[in-house]
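# Chain and residue survey
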Amino acid sequence: MCGIFGCILKTGNAASAIHKGLKKLEYRGYDSVGIATLQEDRLFIKKDTGKIDNVHAIHNLDDLPGGLGIGHTRWATHGAPYQVNAHPHTDCNNTIALVHNGIIENFAELKTELEELGHTFKSKTDTEVIAHLIEEELKRTDLSLVDAVRETVKQLDGSYALAIISVKEPDKIICARKESPLVLGVGKDSIYVASDIPAFLSETNKSVVIEDGEIIILNHSGYEIRKIDSWKEITREPKTINWAPEMAEKQGYPHFMLKEIHEQPLRLRNTLRLQNQYLELMTTFLDRAGEVFLVACGTSYHACLAASYMFSKLSFLATHPVIASEFVEQHGKSVNIDSTLLVVSQSGETADTLDAVESARLRAATVLGLTNIVGSTLTRVARVYICQQSGPEIGVAATKTFTSQLSVLTQLAIRLAKKRGKISHVEIEEIEEKLEQIPDIVESTIQHQEEKVKQLAKKYKGKQAFFFLGRGLSSAVALEGRLKLMEIAYIPSLAYPAGESKHGPISLIEQGFPVIFICPNDSTRKAIISNIMEMKARGASIIAIIEKGDKEIKKLADDYIEIDTELPEVLSPIPFVTPLQLFAYYMALECKRDPDMPRNLAKSVTVK
Ligand code: F6R
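Residues numbered from 1 in each chain as written. Predicted model: local features only at pLDDT ≥ 70, side-chain atom pairs only at ≥ 80, totals over all residues. Heavy atoms only, no water.

## A few points about the layout of surface pockets
Roughly 860 Å³ of internal volume is contained in the largest pocket. Along the walls of the largest pocket sit 38 residues, with Ile197, Ile241, Trp243, Ile373 and Val374 positioned nearest its centre. The set of elements that each furnish at least two residues to the lining of the largest pocket consists of β11 (206–209) and β15 (239–240). Each residue belonging to the lining of the largest pocket can be placed in one class, and the counts come to 15 nonpolar, 12 polar and 11 charged. Summarising the domain contributions, the lining of the largest pocket has at least three residues from each of domain 1 (3–249) and domain 2 (265–590). Roughly 540 Å³ of internal volume is contained in the second largest pocket. Looking at the second largest pocket, it is lined by 25 residues, and the ones nearest its centre are Cys297, Gly298, Thr299, Lys603 and Val605. Taken together, the elements giving at least two residues each to the lining of the second largest pocket come down to α9 (298–315), β18 (339–345), α11 (351–362), α13 (400–420) and α15 (473–489). A total of three residues in the lining of the second largest pocket trace back to one element, the largest contributor, which is α9. (1 Å grid on protein atoms, 1.4 Å probe; cavity = no way out; pocket = protein on both sides within 12 Å on 5 of 7 lines; lining within 4 Å. Points joined across faces, edges and corners; volume = space filled by probe spheres on them. Helix = DSSP H or I, 4+ residues; strand = E, 2+ residues; numbered from the N terminus. Nonpolar A, V, L, I, M, F, W, Y, C, P; charged D, E, K, R; others polar. Domains from an automatic or database assignment.)

## Focus: the domain arrangement of the protein
Considered domain by domain, the protein is made up of domain 1 (3–249) and domain 2 (265–590). The distance between the C-alpha centroids of domain 1 and domain 2 comes to 37 Å. Tallying the contact residues gives 13 residues for domain 1 and nine residues for domain 2. Between domain 1 and domain 2, roughly 960 Å² of surface is buried when both sides are summed, and carbon and sulfur atoms account for 62% of that area. At the boundary of domain 1 with domain 2, the tally comes to one salt bridge. Between arginine 380 and glutamate 211 there is a salt bridge; the shortest N-O distance is 2.9 Å. For the pair domain 1 and domain 2, the number of links is two residue pairs in polar contact (both at pLDDT 80 or more). Residue composition of the side of domain 1 that touches domain 2, by class: nine nonpolar, no polar and four charged. (Contact = heavy atoms within 4.5 Å. Buried area = accessible area lost by both parts, 1.4 Å probe. Salt bridge = Lys/Arg side-chain N within 4 Å of Asp/Glu carboxyl O. Polar contact = N/O pair within 3.5 Å; in protein donor to acceptor, adjacent residues only side chain to side chain.)

## Structural notes on the sheet that holds strand β4 (residues 68–74)
Overall, antiparallel pairing links the eight strands, which are arranged β3-β2-β4-β1-β10-β9-β11-β15 in an open sheet. Both outer strands of the open sheet, β3 (42–49) and β15, are each paired with one neighbouring strand and no more. Running over the sheet, helix α1 (residues 14–25) touches β1 (2–9), β2 (32–39) and β4 and is turned about 150° from β1. Where helix α2 (residues 52–59) meets the sheet, it contacts β2, β3 and β4, and its direction lies at approximately 125° from that of β3. (Pairing = 2+ DSSP bridges. Axes fitted to C-alpha atoms, helices over the stretch in contact; angles between N-to-C directions.)

## As for the site of the ligand
Around the ligand, the structure places 15 residues, and the nearest of them are Ser300, Ser345, Ser347, Thr350 and Glu487. Within the side chain of serine 347, an N or O atom sits 2.6 Å from an oxygen atom of the ligand. With respect to the ligand, the backbone of alanine 398 contributes an N or O atom lying 2.9 Å from an oxygen atom. Taken by itself the ligand offers 410 Å² of open surface, and the protein chains cover 90% of this. Among the cavities detected, the one that contains the ligand is the second largest pocket. (Near = heavy atom within 4 Å. Areas by Shrake-Rupley, 256 points an atom, 1.4 Å probe, with all protein chains shown as cover. Sits in = over half its atoms within 2 Å of the grid points.)

Take a look at the structure:
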């Protein structure tokens, strides 16, 4: 989990290009930053702890000479976020510099061996061993830099995306990839390497995805890709990326999170334009599966939880939603050739999720993927995958990717319902018609309710804790609303299926304790009204998310947010989660938090 960026420019200053690229990657980690450049056989490095802007204010990251260099924005795994642990890391003689995203599992053994050979380590990171291993390879033989890197990565267990430079061969950057993302950007007079496409999108929209087990040599004349094992050269032409650079910018919003919440109607419209053949193929796999697991982490898991209700209600398919990090322990031994995993990961790179996939694949299970990133590891290991079409999401908290996931999963459940003939055509047509309207409903919810949500955040900002309750599908919405509030406003919160609240959590309730109820007008409404009464009787402050015109709940609630339309029950999660995303955002602002960069978190969690 970290962002890496490197470039070779025919003209101009590499350091400022790297600085700019790293800013776009800051969502991947931001506890320290560093840049190394080469000029006339000399290596120049600046690095320190803190967010990029703070480090730049102290050190001027643009002030490094040369047209070639590498940079890194870090999310600490091994070694605390101190200056010495910031990347780039160097060998004993400061002739090699490298940046790394991933984890080297056998670094302790390697470090001991290298220390016995006389190497001195400056940091506590796993990464530094790589610099010393390359130094050792170069010392022991007369290998070129790329050969030394190749021999080095063969000794590494774990994951890596690497960019390496050396004063001995100052015209190139060597990169390698295993299980951590790496893409090239190919400009007219420049070449880039980065963890993610938005990092270089303002410079070029020609991109080449690097696969696991590949090594790349970048120089002024272009790129050469080879297989690490066989040394076979790979020909891979750049693909054109259609994201406009400004799509990855804030477009006038104060934060990416707010921009991404507002972008949901547009994204949901895209998600409704998915290619039929992929939906159809995936539906066929689900229909034939002996058992179906819905596997994901965090917000993506909440989409899976909601989907389990949709598959059951619409297509009469029982599914098991499973938190990816628990999958191997819970189901690892029973998964078999008849099992199907529908794996949901917006990044397609979440280590826990990929771990579950790997274990299931080893037992011959079928893996289907839903992700936002084409070229991600999930798209390469899945039998079939669907791209959810959310566009790049920069805010660390998932918002638009969540609602797009819900939309795709709903479409799958509807298709399966049609295939299985379990519910009437009339009912399916009504759901399909409303699904088409969801983007408009979300748009009008944002337009009409945002100001009210803002006021609610002002009213409730002093509260120490919140409760989120929903029933049925809305229990997934409750969990998601609570995750958003906790992760960006740092307010401890609980979420439960409302029926479960009286089995323990209700003891927390005292005068003024805020409880947020998700109350669509569906089969759970009567029961949720009873739950509201129970909480009210004990002094809770009730905030209800209701369908417009629900007079009964309006009377019971201290505050309410109205969703503009009547919905078939399977469609309620998307519009009902929108005010909760806004609530978390405005609470974060009230609490003086940075909603785009919550502490201790990163956008793509590529460690287990
Ligand atoms: C929360 C959030 C995380 C991710 C989780 C899985 O806002 O973003 O909980 O949902 O880390 O990430 P993906 O979907 O990339 O596998």
